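Coordinates in review
Here is how the chains run, residue by residue.
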Amino acid sequence: MNNLSLPFVCGDIVAKTTGDYTFEGVVVAAFNKKSGAVRYVVEDGRGLLFIFNPTSLVLKQIIGENMSKVTCPYCNEPAKLITGDKLYPHRRDLYHKFFYQCAPCKAYVGCHPDSTKPLGRLATAELRKAKQEAHVAFDSIWRHGDLPRWEAYKWLAKELNIPADTCHIGQFDTSQCRRVIEICNRR
Ligand SMILES: [Zn+2]
């Protein structure tokens, strides 16, 4: 990519604007056809490569820039959009997935498949561990069969004194996770 007049560069996140399906991916290369027309090679969240005409693409985000509306709940600064290779150098399968990260707080969150839409809020290692432990404690209640899952959630919401529709362990902070563990172990 040496032609500076190109609308996109490697690392840009682009979305498709035409057609009857949605597509989001990272520009990984550009090339000229014999006619001189430019085509972009764009990689999606699964690592598949697609070739697009620039007129059917729009720039969504520049990877690594603080352009996101996702903020870090610990310091309130905007989070950076990054790819999985930065967080998990040993997990090739995660290289193409998107994450939002706040490096100073060591907090991050993954995205929904093939998109830059975050799965929840950014979490530190401490919160990720607390959520895992809360899930282990809570899942044992409905997995061992004395309550169906939806009823177990209803019970948990009542115990936590929160509305059932906001009762998602994924959205809890560390102290809420600790309460879940306590309540579930007491049951
Ligand atoms: Zn932060």
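Below, the discussion takes up the nonpolar core. Side chains of nonpolar character tend, in soluble globular proteins, to be buried together. Judged by nonpolar contacts, the single largest core of 13 residues is most densely connected at Ala79, Tyr100, Ala107, Tyr108, Val109 and Leu122. Listed by contribution, the elements that provide at least two residues to this core are strand S7 (98–102) and strand S8 (107–110). Of all hydrophobic cores here, the second largest spans 10 residues; its members include Phe8, Val27, Tyr40 and Val42.

Moving on, we get to the sheet that holds strand S4 (residues 49–52). Within the open sheet, the five strands sit side by side as S4-S3-S2-S1-S5. Their pairing is antiparallel. The outermost strands of the open sheet, each flanked by one partner alone, are S4 and strand S5 (57–62). The sheet shows a mean angle of 45° between the axes of neighbouring strands, direction not considered. Relative to S5, strand S1 (residues 12–16) is paired through five bridges, and the arrangement is antiparallel. Across the sheet, Ile13 pairs through a bridge with Gln61, a residue of S5.

Looking now at the confidence of the model for the protein chain. Looking at the protein chain as a whole, the pLDDT averages 86, with 94% of positions reaching at least 70. Across residues 1–5, where pLDDT falls below 50, the model places four contacts with residues more than four positions away in sequence or in other chains.

Glancing now at the environment of Thr83. If you trace the backbone, Thr83 turns up in strand S6 (residues 80–83). Take Thr83: there are 20 C-beta atoms within 10 Å of it, and that puts it in the buried class. Each C-alpha atom, one on Thr83 and one on Tyr95, is 6.1 Å from the other, the two residues being 12 residues apart in sequence. In this view, Thr83 contacts Ile63, Tyr95, His96, Lys97 and Phe98; residues no more than four positions away in its chain are not counted.

Moving on to the sheet that holds S6. Strand order in this open sheet of three strands is S6-S7-S8, and the pairing throughout is antiparallel. Of all strands in the sheet, those with a lone pairing partner are S6 and S8, marking the two edges. With strand direction ignored, the average angle separating the axes of adjacent strands in the sheet is 30°. As judged from the four bridges shared by S7 and S8, these two strands associate in the antiparallel manner. Residue Cys102 lies in a different strand from S8, and its bridge partner there is Ala107.

Below, the discussion takes up the environment of Val41. Inspection of the secondary structure puts Val41 in strand S3 (residues 38–43). Taking C-alpha positions, Val41 is 9.3 Å from Cys10, a pair spaced 31 residues apart along the chain. Residues in contact with Val41, not counting those within four places in the same chain, are Val28, Ala29, Leu49 and Ile51.

Before going further, it helps to spend a moment on unusual backbone geometry. Unusually for a residue other than glycine, Asn76 sits at a positive phi of about 65°. Relative to the helices and strands, Asn76 is located in the loop between S5 and S6. Residue class for Asn76 comes out exposed when judged on the 8 C-beta atoms lying within 10 Å of it. Here Asn161, not a glycine, exhibits a phi torsion of approximately 65°, which is positive. Locating Asn161 in the fold gives a position in the loop between helix H2 (149–160) and helix H3 (174–186).

Helix length check: H3, at 13 residues, gives a terminal C-alpha distance of 19 Å against a target of 18 Å (1.5 Å per residue), a fit within 8%. For H3, the full list of buried residues reads Cys177, Val180 and Cys184. The arc that holds the buried residues of H3, viewed along the axis, is 55°, so those residues lie on one side. Facing away from the buried surface of H3 by more than 90 degrees, the exposed residues are Ser175, Asn185 and Arg186. Buried residues in H3 make contact with helix H1 (125–143) and H2.

Cut-offs and rules
Residues numbered from 1 in each chain as written. Predicted model: local features only at pLDDT ≥ 70, side-chain atom pairs only at ≥ 80, totals over all residues. Core = buried A, V, L, I, M, F, W, Y, C linked by C-beta atoms within 7 Å. Buried ≥ 20, exposed ≤ 12 C-beta atoms within 10 Å, placed from the backbone. Helix = DSSP H or I, 4+ residues; strand = E, 2+ residues; numbered from the N terminus. Pairing = 2+ DSSP bridges. Axes fitted to C-alpha atoms, helices over the stretch in contact; angles between N-to-C directions. pLDDT = per-residue confidence, 0-100. Contact = placed C-beta atoms within 7 Å. Expected span 1.5 Å × (residues − 1). Arc of directions from axis to C-beta.

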